[in-house]
Amino acid sequence: VQLVESGGGLVQPGGSLRLSCAASGFTFSSYDISWYRQAPGKERELVARITSSGGSTNYGDSMKGRFTISRDNAKNTVSLQMNSLKPEDTAVYYCNADLVTVVGGIPSRTTYWGQGTQVTVSS
């Protein structure tokens, strides 16, 4: 199982970046996919989430209107378009795949994480 993030880097405030996450080794189309981020000294927080079909998305409050998550189940990829970036968006961004199944009435969660990609917003 692999989740490989790419697209991070250094960008000036107000700029844009597009992160990508390439998945392999599991049934990608069955999993909800999320982007999380973690800044130094802070807890990991949800950036955006997209359901397995791509039919529903949700975003962290500070990302709404600036970030857009999308997925291509044929290519096993998910993207995060980030616009109007701010210094406070600086963090390591992680891709997460999550699946909850119920067998015999007992829920079971399977989750995978990527290694992360650094995003730095600075002038």
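To be clear, the structure that these remarks concern was listed above.
The structure contained in this document is the topic of the report that follows. These figures come from a predicted structure and were not determined experimentally.

Conventions we followed
- Residues numbered from 1 in each chain as written.
- Predicted model: local features only at pLDDT ≥ 70, side-chain atom pairs only at ≥ 80, totals over all residues.
- Heavy atoms only, no water.
- Helix = DSSP H or I, 4+ residues; strand = E, 2+ residues; numbered from the N terminus.
- Rg over C-alpha atoms; globule rule 2.2 N^0.38 Å.
- Buried < 20%, exposed > 50% of the residue type's maximum accessible area, 1.4 Å probe, protein only.
- Contact = heavy atoms within 4.5 Å.
- Areas by Shrake-Rupley, 256 points an atom, 1.4 Å probe, with all protein chains shown as cover.
- Lys, Arg positive; Asp, Glu negative; His and termini not counted.
- Charge placed at Lys NZ, Arg CZ, Asp CG, Glu CD.
- Core = buried A, V, L, I, M, F, W, Y, C linked by side-chain atoms within 4.5 Å.
- Pairing = 2+ DSSP bridges.
- Axes fitted to C-alpha atoms, helices over the stretch in contact; angles between N-to-C directions.

Points about the overall build of the protein
Piece 1. Per the secondary structure count, the protein includes zero helices and 11 strands.
Piece 2. Starting at the N terminus and ending at the C terminus, the protein contains elements arranged as β-β-β-β-β-β-β-β-β-β-β.
Piece 3. At 15 Å, the protein has a C-alpha radius of gyration in line with the 14 Å of a compact globule built from 123 residues.
Piece 4. Dimensions of the protein, computed from C-alpha atoms along their principal axes, come out at roughly 55 × 30 × 25 Å.
Piece 5. Within the protein, the fraction of its 123 residues that count as buried is 37%.
Piece 6. Sequence separation of 24 or more characterises 54% of the internal contacts of the protein that already satisfy a separation of 6 or more.
Piece 7. When the accessible area of the protein is evaluated, it comes to approximately 6,400 Å², of which 48% is carbon and sulfur surface.
Piece 8. The positive charge centre, built from 11 side chains, and the negative charge centre, built from 9, are 3 Å apart in the protein.

A word on the nonpolar core
Piece 1. Among the nonpolar cores identified, the biggest contains 29 residues, and W35, F67, V78, L80, M82 and Y93 are the most heavily contacted of them.
Piece 2. Contributing elements (two or more residues each) for this core: strand 3 (17-24), strand 4 (32-38), strand 5 (45-50), strand 7 (67-72), strand 8 (77-82), strand 9 (91-103) and strand 11 (117-121).

Looking at the sheet that holds strand 3
Piece 1. One open sheet accounts for four strands, arranged 1-3-8-7; its pairing is antiparallel. Two strands close off the open sheet at either side, each with one partner strand: strand 1 (2-6) and strand 7. Geometrically, the sheet is characterised by an average inter-axis angle of 15 degrees between neighbouring strands, direction not taken into account.
Piece 2. Note: strand 3 against strand 8, six bridges, orientation antiparallel. Across the sheet, residue L19 finds its bridge partner in strand 8, namely L80.

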